[in-house]
Amino acid sequence: MTTEPKPSSPPLTERQEARRRRILHASAQLAGRGGFEAVQMREVAELSSVALGTLYRYFPSKIHLLVATMQDQLQQLQETLRKRPPTEDEPAARVAQTLMRAFRAMQREPHLAEAMVRALTFADRSVSAEVDTVSRLTTAIILDAMGLEEAPTPEQLSVVRVIEHTWHSALITWLSGRASIAQVKVDIETVCGLIGPVGR
């Protein structure tokens, strides 16, 4: 089954984009109420007023849908951060502040966070394009916070990947009740310490 919104597909029309937005909004609503299990494709279709077959053309599975929901949430966060960027002086502190803001946004919607993180964890190769987009967005958010004047070096990109892995792991341990908010903050600040001084 093919999906409409692929990078190789033609851009969505205004009507198709509006339909996709409704689907993602419905997915976030259902996940916010009851987590991963609450997101059932038939209910998403009903809530977003699209036919079930249409929903599957946009998102072939619940995993595709929830990873796309995470992508959408990160895009909203990126827009917010660009309007209200971090205020710390040092790059490491700015990245830590940014990631904790992202974490607190998820903390406000723990069921939604659990659903998105589970989908990301379960994603197989068929969802690799969507997972890559989530990773690229996370990288962009971190690089924005670093405030680089030039393109990142391979070493800086390696540090960003380690920070991403730590943040994802911290989310999982917090969601499973194995880490407190305070522990997450310490871990995030510790890994952000790998960022050296950068030009602005």
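Our structure is the block above this text.
First things first, this report covers the structure right here in the doc. Predicted, not measured: the structure shown is a model, and the values here were computed from it.

This part is about the packing of aromatic side chains. Taken as a whole, this structure holds three aromatic pairs when the rule is applied. When the centroid spacing of 5.6 Å and the interplanar angle of 85 degrees are considered together, the rings of phenylalanine 36 and phenylalanine 122 count as edge-to-face. One end of the pair, phenylalanine 36, is in the loop between helix H1 (14-34) and helix H2 (41-47); the other, phenylalanine 122, is in helix H6 (residues 110-122), and 86 residues separate them in sequence. Relative to phenylalanine 59, the ring of tyrosine 58 has its centre 6.5 Å away and its plane inclined at 35 degrees; by these criteria the two rings are tilted. The same class applies to tyrosine 58 as to phenylalanine 59, namely buried.

Turning our eyes to something else, we now look at the environment of leucine 157. Its location among the elements puts leucine 157 in helix H8 (residues 154-175). Looking at leucine 157, the relative accessible area reads 29%, which means it is partly exposed. For the pair leucine 157 and arginine 136, spaced 21 residues apart in the sequence, the C-alpha separation amounts to 11 Å. Those residues in contact with leucine 157, other than ones at most four positions away along the chain, are Leu143 and Pro152.

To continue, consider helix H5 (residues 91-108). Compared with an ideal rise of 1.5 Å per residue, which puts 18 residues at 26 Å, H5 spans 26 Å between its outermost C-alpha atoms and is within 8% of the ideal. Of the residues making up H5, those classed as buried are Pro91, Ala92, Arg94, Val95, Ala96, Thr98, Leu99, Met100, Ala102, Phe103 and Met106. Those residues of H5 that are buried are in contact with helix H4 (62-83), H6, helix H7 (128-146), H8 and helix H9 (181-192).

This brings us to H4. Here H4 contains 22 residues, and its C-alpha end-to-end distance of 32 Å stays within 8% of the 32 Å for a straight helix at 1.5 Å per residue. For H4, the N-terminal capping position is held by serine 61, with its side-chain oxygen 3.3 Å away from the main-chain nitrogen of isoleucine 63.

Moving on to the packing of H4 against H6. Close contact between H4 and H6 brings their axes to 8 Å; oriented N to C, the two are set at 120 degrees. Regarding the angle of H4 to H6, the classification is oblique. Note that H4 runs across H6; the crossing there is left-handed. Packed against H4, whose contacting residues are Ile63, Leu66, Val67, Thr69, Met70 and Gln73, the element H6 presents Leu112, Ala115, Met116, Ala119, Leu120 and Phe122 at the interface. Classifying every residue of the contact of H4 with H6 by side-chain character gives ten nonpolar, two polar and no charged.

We now examine the layout of surface pockets. Where empty space is left in the structure can be found by rolling a water-sized probe over the atoms. Here the second largest pocket is characterised by a volume of approximately 320 Å³. Lining the second largest pocket are 16 residues, with Gln73, Leu77, Ala102, Ala105 and Arg108 sitting closest to its centre. Mapped onto the lining of the second largest pocket, the elements with two or more residues apiece are H4, H5 and H6. If you tally residues by element for the lining of the second largest pocket, the top one is H4, at six residues. Considering only residue class, the lining of the second largest pocket consists of nine nonpolar, three polar and four charged.

What counts and how
- Residues numbered from 1 in each chain as written.
- Predicted model: local features only at pLDDT ≥ 70, side-chain atom pairs only at ≥ 80, totals over all residues.
- Heavy atoms only, no water.
- Phe/Tyr/Trp six-rings, centres within 6.5 Å; stacked < 30°, edge-to-face > 60°.
- Helix = DSSP H or I, 4+ residues; strand = E, 2+ residues; numbered from the N terminus.
- Buried < 20%, exposed > 50% of the residue type's maximum accessible area, 1.4 Å probe, protein only.
- Contact = heavy atoms within 4.5 Å.
- Expected span 1.5 Å × (residues − 1).
- Polar contact = N/O pair within 3.5 Å; in protein donor to acceptor, adjacent residues only side chain to side chain.
- Axes fitted to C-alpha atoms, helices over the stretch in contact; angles between N-to-C directions.
- Parallel < 35°, antiparallel > 145°, perpendicular 65-115°, else oblique.
- Left-handed = near helix turned anticlockwise from the far one by under 90°.
- Nonpolar A, V, L, I, M, F, W, Y, C, P; charged D, E, K, R; others polar.
- 1 Å grid on protein atoms, 1.4 Å probe; cavity = no way out; pocket = protein on both sides within 12 Å on 5 of 7 lines; lining within 4 Å.
- Points joined across faces, edges and corners; volume = space filled by probe spheres on them.

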